[in-house]
Amino acid sequence: MLTVVSPYFPPQVGGSAILLANLLNSYHGAMHAITGYSEDQKIDPAFGVPCPTSYLPLVRHMPRLYARMRRRLPMLLCQSIKIPIRRTIENLGTKAVMGTLPHAVYIVAAFLAARELRLPFYAHMHDLWIENTTPGTPLAQFAGSWEPVILKDATRVLCMTEAMQEHYKKKYGIHSYLLPHTIAERDLVRIGVANQTTML
């Protein structure tokens, strides 16, 4: 059983959700997703989920509180969502955990839960981490504390581009794995950005 922890997941429509859904549709083993809810992304009932899904109560029922905590108190939020993430991982009989960016609290919470349960952890880097935060903010400090820990300790680091691979190799001396870019033209039409350049 592979358990995937991600802030965005179908039927929410967005680049991250589409990319992850397309990737998981090519995986033929048992899997389960743990996700939240974003007020910024619309729901498309036709966008089917690739696997059974659990929702985090705090994120799903109090999205505005979640958003404020994520910006101002990311470590406190991380610890609070780690508890249900770990419980779900344990109850599912999970054999490996994959945590995804963006929204660093998810990948850190998933990493901590996997480490406590002594499970393999795969870091899915949809984009750069520290470089996409604003210097001096709580999120930047959170990223600075956890990026080196997770990328050095992860069982595998999964990158989207060769440039990202080279960046993390120079930064941390790690070997990462390149994943195919799974967002097709039809998917860009779905989220309204067809014929625009997508930077990952």
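Look a little higher up for the structure.
All figures in this text were calculated on a predicted structure; none of them were measured in a lab. (Residues numbered from 1 in each chain as written. Predicted model: local features only at pLDDT ≥ 70, side-chain atom pairs only at ≥ 80, totals over all residues. Heavy atoms only, no water.)

Attention shifts here to the environment of Ser176. Structurally, Ser176 can be placed in the loop between α7 (162-172) and β7 (177-178). Given the relative accessible area of 5%, Ser176 is considered buried. When the C-alpha positions of Ser176 and Arg156 are compared, they lie 6.5 Å apart, and in sequence the two are 20 residues distant. For Ser176, the residues in contact, after removing those within four places along its chain, are Val157, Cys159 and Gln165. (Helix = DSSP H or I, 4+ residues; strand = E, 2+ residues; numbered from the N terminus. Buried < 20%, exposed > 50% of the residue type's maximum accessible area, 1.4 Å probe, protein only. Contact = heavy atoms within 4.5 Å.)

Time to look at the nonpolar core. Of all hydrophobic cores here, the largest spans 42 residues; its most connected members are Phe121, Met125 and Trp129. Looking at this core, the elements with two or more residues in it are α3 (63-72), α4 (74-92), α5 (104-116), β5 (121-125), α6 (138-153), β6 (156-159) and α7. Top contributing element to this core by residue count: α5, with 11 residues. For Phe121, the residues in contact, after removing those within four places along its chain, are Val97, Met98, Gly99, Ile107, Ala110, Phe111, Ala114, Ile150, Ala154, Thr155 and Arg156. Within the second largest apolar cluster, 13 residues are counted, among which are Leu20, Leu24, Ala96 and Leu179. (Core = buried A, V, L, I, M, F, W, Y, C linked by side-chain atoms within 4.5 Å.)

Throughout the structure, instances matching the rule amount to two cavities of 30 Å³ or more. Taken as a whole, the largest cavity encloses approximately 40 Å³ of empty space. If you go around the largest cavity, the residues you meet are Ser6, Tyr8, Ser16, Leu19, Leu20, Thr100, Leu101, His124 and His126. The biggest single contributor to the lining of the largest cavity is helix α1 (residues 15-24), with three residues. In terms of residue class, the lining of the largest cavity is made up of four nonpolar, five polar and no charged. (1 Å grid on protein atoms, 1.4 Å probe; cavity = no way out; pocket = protein on both sides within 12 Å on 5 of 7 lines; lining within 4 Å. Points joined across faces, edges and corners; volume = space filled by probe spheres on them. Nonpolar A, V, L, I, M, F, W, Y, C, P; charged D, E, K, R; others polar.)

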